[in-house]
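Structural overview
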Amino acid sequence: YIWEATAEAAQKRLDGMLATMRGRGLSVEGALGDYRPSRAMAEAVETFHPDQMVIVTLPPDESMWLRFEMVDRAREKYDFPITHVVAHSSAEAV
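Residues numbered from 1 in each chain as written. Predicted model: local features only at pLDDT ≥ 70, side-chain atom pairs only at ≥ 80, totals over all residues. Heavy atoms only, no water.

1. Some words on the overall build of the chain
Under the convention used in this document: Counting from the N terminus, the helices are the DSSP runs of H or I reaching at least four residues and the strands are the DSSP runs of E reaching at least two. Categorising residues by exposure relies on relative accessible area from a 1.4 Å probe, with only protein chains included: less than 20% of the type maximum marks a residue as buried, more than 50% marks it as exposed, and the intermediate range marks it as partly exposed. Working rule for contacts: check all heavy atoms of both residues, and any pair within 4.5 Å makes them a contact. Areas reported as accessible are Shrake-Rupley estimates using a 1.4 Å probe. Residue values count occlusion only from the protein chains shown. Asp and Glu count as negative and Lys and Arg as positive, but His and the ends of the chain are not part of the count. Where a charge sits is defined by one atom per residue type, namely NZ (Lys), CZ (Arg), CG (Asp) or CD (Glu).
Counting secondary structure elements, the chain contains five helices and two strands. Starting at the N terminus and walking to the C terminus, you meet the elements of the chain as α-α-β-α-α-β-α. The 94 residues of the chain split such that 22% are buried. When contacts within the chain are restricted to residue pairs at least 6 apart in sequence, those whose partners lie at least 24 apart make up 55%. If you sum the accessible surface of the chain, you get close to 7,200 Å²; carbon and sulfur atoms cover 54% of it. The centroid of the 10 positive side-chain charges in the chain is displaced by 1 Å from the centroid of its 15 negative side-chain charges.

Okay, structure coming up:
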């Protein structure tokens, strides 16, 4: 049950972000990925063949992706621009 609730919340956040970006005239795609960040990015690159990537994380004190330096690792691994966006704190959303 916890995994389903987590996936549902993540899908809502993704849908909202895609709608916002499309509303600003951007051509974007997205999907929920593996719970392991490096695998999620690798699968996304394989699936979407992007020319750039936007990684959205929680603030540094809340983000597992930042603790594992996933933004820096992605920038080292891939040959396209990667933009990092910090979302509002999850505590603010409550």
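Okay, back to it.
2. Concerning the pairing of strand 1 (residues 53-57)
To be explicit about the condition: In this analysis, strands are considered paired if DSSP registers two or more bridges between them.
Every second residue of strand 1 is oriented toward a common face, the buried set being M53, I55 and T57 and the non-buried set V54 and V56. Where strand 1 and strand 2 (residues 82-86) come together, five bridges link them in parallel fashion. Bridge pairing in strand 2 places T57 opposite V86.

3. Some remarks on the nonpolar core
Burial of nonpolar side chains together is a common tendency in soluble globular proteins. Selection criterion: Only buried Ala, Val, Leu, Ile, Met, Phe, Trp, Tyr and Cys residues count toward a nonpolar core, and they belong to the same one when joined by side-chain atoms within 4.5 Å.
In terms of nonpolar packing, the biggest core is built from ten residues, these being M41, V45, M53, I55, M70, V71, A74, Y78, F80 and I82. Elements supplying a minimum of two residues to this core: helix 2 (37-48), strand 1 and helix 4 (70-77). Per-element tally for this core: the top contributor is helix 4, with three residues. Apart from residues lying up to four places away in sequence, I82 is in contact with M53, I55, A74 and R75.

4. A closer look at helix 4
Operational definition: As used here, the arc is the angular range of directions from the helix axis to the C-beta atoms.
Residues M70, V71 and A74 constitute the buried set of helix 4. What you see down the axis of helix 4 is that its buried residues fit within an arc of 100°, all on one side. Looking at the buried positions of helix 4, the neighbouring elements they touch are helix 2, strand 1, helix 3 (64-67) and strand 2.

5. Description of the packing of helix 2 against helix 4
When two helices pack together, their arrangement is given by the angle between the helix axes and the distance between those axes. The condition is simple: Interaxial angles span 0 to 180 degrees and are taken between N-to-C directions of axes, which are lines fitted to C-alpha atoms, for helices over the stretch in contact. Here the word oblique covers every angle except those under 35 degrees (roughly parallel), over 145 (roughly antiparallel) and from 65 to 115 (roughly perpendicular). Handedness of a crossing is defined here by the sense of rotation of the near helix relative to the far one, left-handed for an anticlockwise turn of less than a right angle and right-handed for a clockwise turn.
Between helix 2 and helix 4, whose axes approach to 11 Å, the crossing angle comes to 40°. By the angle between their directions, the pair helix 2 and helix 4 is classed as oblique. Remark: the crossing between helix 2 and helix 4 carries right-handed chirality. Facing helix 2, whose interface residues are P37, S38, M41 and A42, helix 4 presents M70, A74 and K77.

6. Re the pattern of salt bridges
Heads up, the condition is: Within this document, salt bridges are pairs made up of a side-chain nitrogen of Lys or Arg and a carboxyl oxygen of Asp or Glu, the two lying within 4 Å of each other.
Taken as a whole, this structure holds two salt bridges when the rule is applied. Residue E8 pairs with K12 through a salt bridge whose shortest N-O separation is 3.7 Å. Of this pair, E8 and K12 both sit in helix 1 (residues 2-23), four residues apart, which is roughly one turn of that helix. Residue class for E8 comes out partly exposed when judged on its relative accessible area of 49%. In this structure K12 comes out as exposed when scored by relative accessible area, which is 58%. Residue R36 is joined to D34 by a salt bridge in which the shortest nitrogen-to-oxygen separation is 2.8 Å. According to the relative accessible area criterion, R36 is partly exposed, its value standing at 32%.

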